[in-house]
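# Observations on the three-dimensional arrangement
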Amino acid sequence: MKKFFASIAAFVIALGSAMAQDLAQITEIYNAGAAAIATDKAGALKSFEQALQLAEALGEEGKEVADNCKNIIPDLTLSIAKEFAREKNFDNAISQIKAAVAVAEKFANVDVADEAKKLLPQIIMQKGNSLVTAKNYADAISAYKEVLGMDATNGNAALRLGVALNAIGDANGATEAFLQAAANGQEKTAYKQLSNINLKAAAAALKAKKYADAVAAALKSCEYGESAQAYQIAAQASQLAGKNNDAISYFEKYLEISPNAKNAGQIAFTVGALYQQAKNNAKAREFYTKALSDAKYGAEAQKLLDALK
């Protein structure tokens, strides 16, 4: 029996020696990681992950080392992500930030998890912006949609999504994105974009001789921001459609907004002629008078004024 207990005692001593040897090896790996942080963060991270795995296998004996590794790994993972972002290596940065979130939550590191979650949409936005610069609109659209999937109230992401969609000719998708942007702090810029989209549609409709569509799109453009060009398109479309009263109204709005335009004399002459056709000679004289200084139409305006006396 004494021999038996002696054998057990020898085994425990041997086991303790093995544990001590293992812990020393783990500590060495941990220290190597600490030494590598300044020059090789990726290598340091691997060392801490290896040390953690081995320390946890030791149970209570390795708890202190394991706890230290759990404190360091989330911070180090996020630090690596930030370096990738500074280098504009966005795909690796995004992947590493997501890894930082996962490991921080696993180890209950709330501060790192919160910081990483806040940083993630910012990096994805930077990726989207770089893709737009490279005219890779399809991937930029995916990036902005990913950001909006995290936060639908991100007006900047919605605005940039609209720009990318508009660049590929998706006017409906762009309109939806710009409206979302306008509802979330980007009203001024979004409305300007919406005005331009509808102005472009109005010009295309006028060229295609779709006069009702041209007027509707021009007026829609003015809902987001009045422009002389939009009223000119509406006036021209109305005139070509035989709706002279509407044409007069829109031409007059054009002149109100842009009285010193290069074609102001021409527009005034046209309005005078439309009023004359409507037998409103007083208004005809008013607008012919405004056209007198025009190099091209002034002489004719004078003739018509003389005839109306």
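Residue numbers restart at each chain and count upward from 1, following the sequence in its written direction. Owing to the predicted nature of the model, reporting of local features is limited to residues with pLDDT of at least 70; listing and counting of side-chain atom pairs is limited to 80 or more, with chain, interface and lining totals taken over all residues. Excluding hydrogens and water, the side-chain values take into account all heavy atoms of the structure.

### As for the packing of aromatic side chains
Aromatic pairs are defined between Phe, Tyr and Trp rings, using the six-membered ring for Trp, whenever the two ring centres lie within 6.5 Å; interplanar angles under 30 degrees are classed as stacked, those over 60 as edge-to-face, and all others as tilted. Scanning the entire structure with this criterion turns up five aromatic pairs. Through successive ring pairs, a cluster of aromatic residues spans Phe269, Tyr288 and Tyr297. Our definition puts a charge over a ring when NZ of Lys or CZ of Arg is within 6 Å of the ring centre and also within 35 degrees of the ring normal. Here the basic side chain of Lys290 rests over the ring of Phe287, its NZ or CZ set 4.4 Å away from the ring centre.

### Brief notes about the nonpolar core
Most often, soluble globular proteins have nonpolar side chains that are buried together. By convention a nonpolar core is built from buried Ala, Val, Leu, Ile, Met, Phe, Trp, Tyr and Cys residues, the set being connected through side-chain atoms within 4.5 Å. Burial status follows relative accessibility: with a 1.4 Å probe on protein chains alone, a residue under 20% of its type maximum counts as buried, one over 50% as exposed, and anything between as partly exposed. The biggest cluster of nonpolar side chains holds 40 residues, and the ones touching the most others in it are Ile97, Ile123, Leu161 and Phe178. Runs of H or I in DSSP of at least four residues are treated as helices and runs of E of at least two as strands, each being numbered from the N terminus. The element best represented in this core is helix H5 (residues 110-133), accounting for nine residues. Contacts were defined at the residue level, with two residues in contact if any of their heavy atoms lie within 4.5 Å. Every residue in contact with Leu161, bar those within four places of it in the chain, is listed here: Ile141, Tyr144, Lys145, Leu148 and Ala177.

### Thoughts on helix H14 (residues 281-290)
Within H14, the full set of buried residues consists of Ala284, Phe287 and Tyr288. Seen from one end, H14 has its buried residues packed into an arc of 105°, which puts them on one side. Those residues of H14 that are buried lie in contact with helix H12 (244-257), helix H13 (264-277) and helix H15 (298-308). What the arc covers is the set of directions going from the helix axis to the C-beta atoms.

### Thoughts on H13
Between its terminal C-alpha atoms H13 stretches 20 Å, which fits the 20 Å expected from 14 residues at 1.5 Å a residue. With respect to burial, H13 is a largely interior element, ten of its 14 residues being buried. Of the residues making up H13, those classed as buried are Ala264, Gly265, Ile267, Ala268, Phe269, Thr270, Val271, Gly272, Leu274 and Tyr275. Those residues of H13 that are buried lie in contact with helix H11 (228-240), H12, H14 and H15. Expected span of a helix: the number of residues minus one, times 1.5 Å.

### Notes on the packing of H5 against helix H6 (residues 137-150)
Interaxial distance between H5 and H6 falls to 8 Å at its minimum, and their mutual angle equals 160°. If you check the angle between H5 and H6, you find them roughly antiparallel. Judged by the twist between their axes, the crossing of H5 over H6 is left-handed. Contact with H5, carried on its side by Leu120, Pro121, Ile124, Met125, Gly128, Asn129, Leu131 and Val132, involves Tyr137, Asp139, Ala140, Ala143, Tyr144, Glu146, Val147 and Met150 of H6 and no other residues of that element. Every angle, taken between N-to-C directions, lies between 0 and 180 degrees, and every axis is a line fitted to C-alpha atoms, over only the stretch in contact when it is a helix. Angle categories: roughly parallel below 35 degrees, roughly antiparallel above 145, roughly perpendicular from 65 to 115, and oblique for all the rest. Helix crossings fall into two classes, left-handed where the near helix is turned counterclockwise from the far one by less than a right angle and right-handed where it is turned clockwise.

### Examining the environment of Val112
Summarising the element assignment, Val112 is placed in helix H5. Sequence separation between Val112 and Ala268 is 156 residues, and the spatial gap between their C-alpha atoms is 67 Å. Among all residues touching Val112, those that are not within four sequence positions of it are Pro74, Asp75, Leu78 and Ala104.

### Some thoughts on the confidence of the model for the chain
Of all residues in the chain, 93% attain a pLDDT of 70 or more, and the chain-wide mean is 92. Counting interchain partners and residues more than four positions distant, the pLDDT-below-50 stretch residues 1-18 has zero contacts. Residue-level confidence of the predictor, termed pLDDT, takes values from 0 up to 100.

### Comments concerning the environment of Ala261
Residue position: Ala261 is located in the loop between H12 and H13. On a C-alpha basis, the gap between Ala261 and Leu119 in space is 49 Å, while along the polypeptide they are 142 residues apart.

### Some points on the side chain of Asn263
Mapped onto the elements, Asn263 comes out in the loop between H12 and H13. Polar contacts, as counted here, are pairs of nitrogen or oxygen atoms within 3.5 Å of one another; within protein the pair requires one atom able to donate a hydrogen and one able to accept it, and residues that are adjacent in sequence qualify only if both atoms are side-chain atoms. Looking at Asn263, its side chain comes within polar contact range of the side chain of Tyr254, at 2.5 Å. Setting aside residues no more than four positions away along its own chain, Asn263 makes contact with Gln232 and Tyr254.

### Quick notes on the side chain of Asp294
Here Asp294 lies in the loop between H14 and H15. This count recognises Lys and Arg as positive and Asp and Glu as negative, with His and chain-terminal groups excluded. Here, a salt bridge means any side-chain nitrogen of Lys or Arg that lies within 4 Å of a carboxyl oxygen of Asp or Glu. One buried charged residue, Asp294, forms no salt bridge at all, with the nearest opposite charge on Lys296 at 7.6 Å. Among the polar contacts listed, one links the side chain of Asp294 to the backbone nitrogen of Lys296, at a separation of 3.0 Å. Once residues within four sequence positions are removed from consideration, Asp294 is found in contact with Lys262, Gly265 and Gln266.

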